[in-house]
Amino acid sequence: MSGRPDADATYDHAADDHAADDHAADGQVAEDHAADDTDSSPVVQDHVDGAQDAFDPMGSDPASTSASAGGKLVLVGTPIGNLGDASERMQRAIAGADVIAAEDTRRFLSLTQRLELTHTKRVISVFDHNEQSRAPELVELIRSGQTVVLLSDAGMPAVSDPGYRVVKACAEAGLPITSTPGPSAVLMALAVSGLPSDRFSFEGFLPRKSGARKNLLEELRGEKRTMVFFESPHRVADTMDDFLTVIGPDRPMSISRELTKTYEETLRGTVSSLRDLAADGLRGELTLVLAGATAVETAPEDHLDTVGELVESGVRAKDAAGQVAKQFGLSKREIYEAWLHRE
């Protein structure tokens, strides 16, 4: 396809290069999340005044400043491409905020201009590299009674975008947190993929370097849930080569590009067929959806080399079988039996 999307019909939030660069570190952020959140603490339940026990289209909005006299954090989902996806709640939240915390203040101002939203609120930047230092400031603003709206360039904040650390700080401070949900490339790509969607995992951006990428794919090769990834258009050809090497040629998958924009497209096929289509590169922002492993792909005999490596390192064979079984979702007994009767 060629041509330029209609600027009036779409909110193209980033050029391809910039989108990849802005989010390249997010995979590491996602890994940090688990490490940061390991402490056990009492259960804290948010109560946001104005929340409804049942759907009430005329009810008060927990994201509205008029719903509560106290401060709160409001995560606001923004369009991922099509300006028509800007919800009324999103616009009300922005208009009613005391402080706007935006991933990129210039892009936020561009969005408000396109939506013809007027506001005189304070706008500050909260992006990946300053989020940790900004979080205490935002906590204090909310403590003082102000409503802080947190949003990223596109989609839902805190999902492979800045926001997690601010939410964590507010949660630890016992402050109210709510959201006006918005478009999600993850969920949209999954929904249109034609692959099982009852159970899935989101893996964020794939590593930039082939070695690290292959290591991650090796870890995920036996994952039975459908998996969703983000990838740069400039790396997708090399990435699909690695999928072919590690995952194999026949696993079903899809590649969605330019979701909600004029030239939206979803390619469906197998790793091999999509690798051929991606050989010359694909344009636009890409979301890859990979089917989970089947029982055939995770046969016990396929993992005896891994068991052998563990045994050579000093792990008992039965314990090694248990580790491999847990990693690939197999039966410990079957792997151990296969190890004992190996040729």
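Right above here is the structure, for reference.
Summary of the structure given here. (Residues numbered from 1 in each chain as written. Predicted model: local features only at pLDDT ≥ 70, side-chain atom pairs only at ≥ 80, totals over all residues. Heavy atoms only, no water.)

Within the chain, E116 stands out as a residue other than glycine whose phi angle is a positive 60°. Note that E116 resides in the loop between α4 (105-115) and β3 (122-125). For E116, a relative accessible area of 71% corresponds to the exposed category. (Helix = DSSP H or I, 4+ residues; strand = E, 2+ residues; numbered from the N terminus. Buried < 20%, exposed > 50% of the residue type's maximum accessible area, 1.4 Å probe, protein only.)

The subject of this paragraph is the pairing of strand β10 (residues 286-290). Taken across its 5 residues, β10 has 5 buried, putting it largely inside the fold. Covered by surrounding structure in β10 are L286, L288 and L290 together with T287 and V289, the residues of both alternating faces. By the bridge criterion, 5 bridges tie strand β7 (residues 226-231) to β10 in an arrangement that is antiparallel. Within β10, the position partnered with F229 by the bridge is L288. Of the pairings in the sheet, the one linking strand β8 (residues 252-257) to β10 comprises 5 bridges and is antiparallel in character. (Pairing = 2+ DSSP bridges.)

A separate point is the side chain of E258. If you trace the backbone, E258 turns up in the loop between β8 and β9 (265-270). The residues contacting E258, other than those within four sequence positions of it, are Y263, E264, G284 and E285. (Contact = heavy atoms within 4.5 Å.)

Okay, the sheet that holds β8 next. Spatial strand order, β6-β7-β10-β8-β9: 5 strands in an open sheet with mixed pairing. Lying at the two open borders of the sheet, with one neighbouring strand each, are β6 (200-205) and β9. Here the strands of the sheet are splayed against their neighbours by 15° on average, with no regard to which way each runs. (Axes fitted to C-alpha atoms, helices over the stretch in contact; angles between N-to-C directions.)

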